[in-house]
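Fold and geometry: a report
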Amino acid sequence: MQKILLIHGPNLNLLGKRNQEAYGRLTLDEINKRVIDYARDNGIQVDIYQSNSESEIIGLIQNADNYDGIVINPGGYTHTSVAIRDAIEAVGIKTIEVHLSNIYAREEFRHKSIIAPVCKGQIAGFGWYGYILAIDYLTHKGD
């Protein structure tokens, strides 16, 4: 069974309350349930974590050696965290960066991801379904 680590970054615990125009109406628990159901139906193990702490996210990445891939929504750390970027690069595990909103259609400062260059790819703007697309790629289409 393939194993995927899904990491939700800062403020994603506020989904459903925060800026619904950008992030949608689903709560993080509702999104996680959809992801878990998809994974179960496709014979995939997915372990899901959310943290507002950069150091906890780095720890999860550094200890991900028993996973086949990582899906990460780094939230605001997308634009600021060299440390998360370096952790992804250091572990060498195929990683997909996901954003619920289209970060390129938002404020200028959101257009630059320092995480994306060390990821296999980036999925943005498809809401919660971006997590499914990332998991599908990592478990079925990855090289």
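Everything here concerns the structure above.
About the thresholds
- Residues numbered from 1 in each chain as written.
- Predicted model: local features only at pLDDT ≥ 70, side-chain atom pairs only at ≥ 80, totals over all residues.
- Heavy atoms only, no water.
- Salt bridge = Lys/Arg side-chain N within 4 Å of Asp/Glu carboxyl O.
- Helix = DSSP H or I, 4+ residues; strand = E, 2+ residues; numbered from the N terminus.
- Buried < 20%, exposed > 50% of the residue type's maximum accessible area, 1.4 Å probe, protein only.
- Phe/Tyr/Trp six-rings, centres within 6.5 Å; stacked < 30°, edge-to-face > 60°.
- Lys NZ or Arg CZ within 6 Å of the ring centre and 35° of its normal.
- Arc of directions from axis to C-beta.
- Contact = heavy atoms within 4.5 Å.
- Polar contact = N/O pair within 3.5 Å; in protein donor to acceptor, adjacent residues only side chain to side chain.
- Core = buried A, V, L, I, M, F, W, Y, C linked by side-chain atoms within 4.5 Å.

Pairs can form between side chains of opposite charge whenever their charged atoms are close. A complete count under the given rule lists five salt bridges for this structure. A salt bridge links D37 to R40, with the shortest nitrogen-to-oxygen separation between them at 3.1 Å. With D37 and R40 both in helix α2 (residues 28–41) and three residues apart, this pair spans about one turn of that helix. What makes D37 partly exposed here is its relative accessible area of 21%. A relative accessible area of 53% places R40 in the exposed class. A salt bridge links R40 to D41; its shortest N-O distance comes to 3.4 Å. Look at D41 and you get exposed, because its relative accessible area is 58%.

Any two aromatic rings considered together are summarised by their centre-to-centre distance and by the angle between their planes. Counting across every chain of the model gives one aromatic pair. Aromatic pair W128 and Y129: ring centres 5.6 Å apart, planes at 90°, arrangement edge-to-face. With a relative accessible area of 26%, W128 lands in the partly exposed category. Given the relative accessible area of 41%, Y129 is considered partly exposed. K3 extends its terminal NZ or CZ atom over the ring of Y67, reaching a point 4.9 Å from the ring centre. One residue, R34, lies across the ring of W128, its end atom 4.8 Å from the ring centre.

All right, on to helix α4 (residues 82–91) then. Regarding α4, the residues found buried are I84, A87 and I88. Seen along its axis, α4 keeps its buried residues to an arc of 95°; they face one direction. Buried positions along α4 lie against α3 (54–62), β3 (69–73) and β4 (95–99). Residue G92 follows α4 closely and has a positive phi angle near 70°.

A few words now on the side chain of N73. Note that N73 resides in strand β3. On the accessibility criterion, N73 (3% relative accessible area) is buried. Only 3.1 Å separates the side chain of N73 from the side chain of Y131, close enough to count as a polar contact. Aside from chain neighbours lying at most four places away, what touches N73 is I7, H8, G9, L12, V98, H99, L100 and Y131.

Below, the discussion takes up the nonpolar core. The nonpolar side chains of a soluble globular protein tend to be buried, and buried together. Core analysis: the biggest nonpolar cluster contains 22 residues, and V35, V71, Y131 and I135 have the highest contact counts within it. Of all the secondary-structure elements, those providing two or more residues to this core are β1 (2–8), α2, β2 (44–50), β4 and α5 (129–141). The contact partners of V35, leaving out residues within four places of it in the chain, are L6, V46, I48, Y131, I132 and I135. I7, Y67, I70 and I115 belong to the second largest nonpolar core, which has 17 residues in total.

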